[in-house]
Amino acid sequence: MITLALSKGRIFEETLPLLKAAGVEVLEDPETSRKLILSTNQPDVRVVLVRATDVPTYVQYGGADLGVAGRDVLIEHGGAGLYQPLDLNIARCRMSVAVRDDFDYAAAVRQGSRIRVATKYTEIARQHFADKGVHVDLIKLYGSMELAPLTGLADAIVDLVSTGNTLRANRLVEVEHFMDISSRLVVNQAALKLKREPLRRMIDAFASSIPA
C-alpha cells in the first residue's frame, strides 16, 4: 500500500492532475466526504488528509510514504528525514513583509529600529531579518495576521501573499517580497528503499507532468 499525505484546498486540487498522470484518481471529494482516508482507483494507493503543517511529520515518521507540502512548511519543519525529489511548481505564492500603509518600513530599517513582527513563519522570518541585519521581536500567531499591525500588536507581518487582495482590503502594503513559494513532493527515505519500484514510478509520472 502506498499512502500519500495531502492537505485540503489548493494543494489537493492542484495535485489531482499530477496523480492522474500517474494513473491515480481519488474516488471521493474531500470537501463533501467526512473521511480522512480516501480510496483511489488503484487498490494499492490511498490518500490521507492532514493539516498542511503536519504533512512533513506524517512522511518523516512513516504515517505516509510521500506527501505534498509547501516550501514554507518544509522550512519551518526543518525537513529532517525527508527526501525532496521534486518542486511540483503548484500552489505558487510568495513570502512577503507587509505593514500598515502609514508605517515607514524603509526608514525603520535604515535607522536600525527594533521592529515587532507578527508571523506564523518564525524560522523564515528570523532568517530573513538576520540576513538583513535588522533587529526584530517575533510574535507567533496562527491566523488573521493582518490584524496585528491594525491593532498595534506589531509593526509588520511576514506572511504568504497570493493576490494581495486581503492586504489591500485591510490597508496594508507589501513592502518586501523575499521568497517564492511552491509545493514540493516529499518522500519517506525508508519507504523509498522498501517500496522502491512503485514510488519511483509515481515520482517519474509526477516529474513528467509538472506545470510550467
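Anything mentioned here points back to the structure above.
Residues numbered from 1 in each chain as written. Predicted model: local features only at pLDDT ≥ 70, side-chain atom pairs only at ≥ 80, totals over all residues. Heavy atoms only, no water.

**Focus on the overall build of the protein**
Here comes step 1: Across its full length, the protein carries nine helices and nine strands.
Here comes step 2: Seen through its principal axes, the protein has C-alpha atoms that stretch 60 × 35 × 30 Å.
Here comes step 3: Expressed as a percentage of the 212 residues in the protein, the buried residues total 44%.
Here comes step 4: Considering only contacts within the protein whose residues lie at least 6 apart along the sequence, 67% involve residues at least 24 apart.
Here comes step 5: Accessible surface, the protein as shown: approximately 10,800 Å² in total, 48% of it carbon and sulfur.
Here comes step 6: Of the charged side chains in the protein, 26 are positive and 26 negative; the average position of the first set lies 2 Å away from that of the second. (Helix = DSSP H or I, 4+ residues; strand = E, 2+ residues; numbered from the N terminus. Buried < 20%, exposed > 50% of the residue type's maximum accessible area, 1.4 Å probe, protein only. Contact = heavy atoms within 4.5 Å. Areas by Shrake-Rupley, 256 points an atom, 1.4 Å probe, with all protein chains shown as cover. Lys, Arg positive; Asp, Glu negative; His and termini not counted. Charge placed at Lys NZ, Arg CZ, Asp CG, Glu CD.)

**Side note on helix α5 (residues 122-132)**
Here comes step 1: When α5 is considered as a whole, its buried residues turn out to be Thr 122, Ile 124, Ala 125, His 128 and Phe 129. The buried residues of α5 occupy an angular sector of 160 degrees when projected down its axis, which confines them to one face. The outward face of α5, more than 90 degrees from its buried face, is lined by the exposed residues Ala 130 and Asp 131.
Here comes step 2: A positive backbone phi angle near 75 degrees is found at Gly 133, which sits one or two residues after α5. (Arc of directions from axis to C-beta.)

**Notes on the nonpolar core**
Here comes step 1: Counting residues in each nonpolar core, the largest one holds 27 residues, and the members touching the most others are Val 47, Leu 66, Leu 88, Leu 185 and Phe 206.
Here comes step 2: Broken down by secondary-structure element, the contributors of at least two residues to this core are β1 (2-6), α1 (10-21), β3 (45-49), β4 (66-70), β5 (82-100), β9 (172-188), α8 (189-194) and α9 (196-207).
Here comes step 3: Setting aside residues no more than four positions away along its own chain, Phe 206 makes contact with Thr 15, Leu 18, Leu 19, Ala 22, Leu 86, Leu 88 and Leu 185.
Here comes step 4: By size, the runner-up hydrophobic cluster in this structure holds 18 residues, among which are Tyr 105, Phe 129, Val 134 and Met 179. (Core = buried A, V, L, I, M, F, W, Y, C linked by side-chain atoms within 4.5 Å.)

**Observations regarding the sheet that holds β9**
Here comes step 1: One open sheet holds the nine strands; their spatial order is β2-β3-β1-β4-β9-β5-β8-β6-β7, and the pairing between them is mixed. Since the sheet does not close on itself, it has two edges, and those belong to β2 (37-39) and β7 (136-140), each with one partner. Sheet twist, expressed as the mean angle between neighbouring strand axes with direction ignored, is 25 degrees.
Here comes step 2: As defined by bridge partners, β1 adjoins β4 across two bridges and the pair is classed as parallel. Opposite Leu 4, over in β4, you have Leu 66 as the bridge partner.
Here comes step 3: Running at roughly 50 degrees to β5, α9 makes contact with β1, β3, β4, β5 and β9 of the sheet. (Pairing = 2+ DSSP bridges. Axes fitted to C-alpha atoms, helices over the stretch in contact; angles between N-to-C directions.)

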